[in-house]
Amino acid sequence: MIIMSVDLGKSRTGLAVCDAGEILASPAGVVHEHSRERLCAAICRAAAERGAQLLVVGLPRNMDGSEGESARNAREFAALLEQESGIKTELCDERGTTITAHHYLNETNVRGKKRKETVDAVAAVIILENFLTMRKNRSAGT
């Protein structure tokens, strides 16, 4: 199944997509949009272009597992995205993904403007990889 993940941000939103075999997650770009409606439309277009059959939105929980305003916004956006795209949408804990993305970019010596443009897509890849691992573990347990 082709799955697209979304790392929701206030000004930049990262996207990632996996292959139909759910093996490899790859960056699918960054959407620069402040308007919730235009952002939703852009993600719907990207999902349709890539043939996504499932959308995964990162859920920004606090480190103690509680949820604040950002998590509430992510839940609301995921519901809007599912309604507008007609594609099933799930949430995936994204704690630590941006920090991990910065570590990856440090290791590959990505700096400056390119780093700012890349970090959100890398975070979306990490969200998708975490989701795929969770999905495999669920199916292995049944």
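The following refers to the structure shown. Just so we're clear, the structure is a prediction, and the values are computed from it rather than from any experiment. All residue numbers here refer to positions counted from 1 along the written sequence of the relevant chain. For a predicted model such as this one, the threshold for reporting local features is a pLDDT of at least 70, and the threshold for listing and counting side-chain atom pairs is 80 or more; totals across whole chains, interfaces and linings nevertheless cover every residue. Neither water nor hydrogens contribute to the side-chain values; these are computed over all heavy atoms in the structure.

Another point: the overall build of the chain. Strands are runs of DSSP state E lasting at least 2 residues, helices are runs of H or I lasting at least 4, and numbering of each runs from the N terminus. When helices and strands are counted, the chain shows four helices and five strands. Listing every helix and strand of the chain by position from the N terminus yields β-β-β-α-β-α-β-α-α. Here, two residues are considered to be in contact whenever any of their heavy atoms come within 4.5 Å of each other. Here the analysis covers contacts within the chain between residues at least 6 apart in sequence; of these, 62% occur between residues at least 24 apart. Surface summary for the chain: the accessible area is close to 7700 Å², and the carbon and sulfur share equals 51%. Each accessible area is a Shrake-Rupley result for a 1.4 Å probe, and residues are judged covered by the shown protein chains and nothing else.

Turning to the sheet that holds strand S5 (residues 89–93), a few remarks are in order. Pairing is mixed across the open sheet formed by five strands, whose spatial order is S3-S2-S1-S4-S5. Taken across any chain shown, the strands that pair with only one partner, and hence form the sheet edges, are strand S3 (25–32) and S5. Neighbour to neighbour, the strand axes of the sheet diverge by 25° on average, direction disregarded. Helix H2 (residues 69–85) contacts strand S1 (3–7), strand S4 (54–59) and S5 of the sheet and is inclined by roughly 170° relative to S4. For two strands to be treated as a pair, DSSP must find no fewer than two bridges joining them. In this analysis, axes come from line fits to C-alpha atoms, helices being fitted only over the stretch in contact, and the angle between any two N-to-C directions falls in the range 0 to 180 degrees.

For the rest of this paragraph, the subject is the pairing of S1. Taking burial as the measure, the five residues of S1 include five buried ones, the bulk of the element. What you see with S1 is no split at all: Ile3, Ser5 and Asp7 on one side and Met4 and Val6 on the other are buried throughout. Two elements, S1 and strand S2 (residues 12–18), share four bridges in a ladder whose sense is antiparallel. Bridge pairing in S2 links Asp7 to Gly14. Adjacent in sequence and paired antiparallel, S1 and S2 are bridged by four residues. The classification of residues rests on relative accessible area computed with a 1.4 Å probe and restricted to protein chains. Under 20% of the type maximum is buried, over 50% is exposed, and intermediate values are partly exposed.

Bringing the pattern of salt bridges into the picture now. The rule for a salt bridge is simple: a side-chain nitrogen of Lys or Arg has to be within 4 Å of a carboxyl oxygen of Asp or Glu. Tallied over the full model, the rule gives eight salt bridges. Ionic pairing is found between Asp120 and Arg12, a salt bridge with its closest N-O pair at 2.7 Å. Taken together, the residues span a long stretch of sequence, with Asp120 in helix H4 (residues 112–141) and Arg12 in strand S2 at a distance of 108 residues. Arg12 carries the same exposure label as Asp120, and that label is buried.

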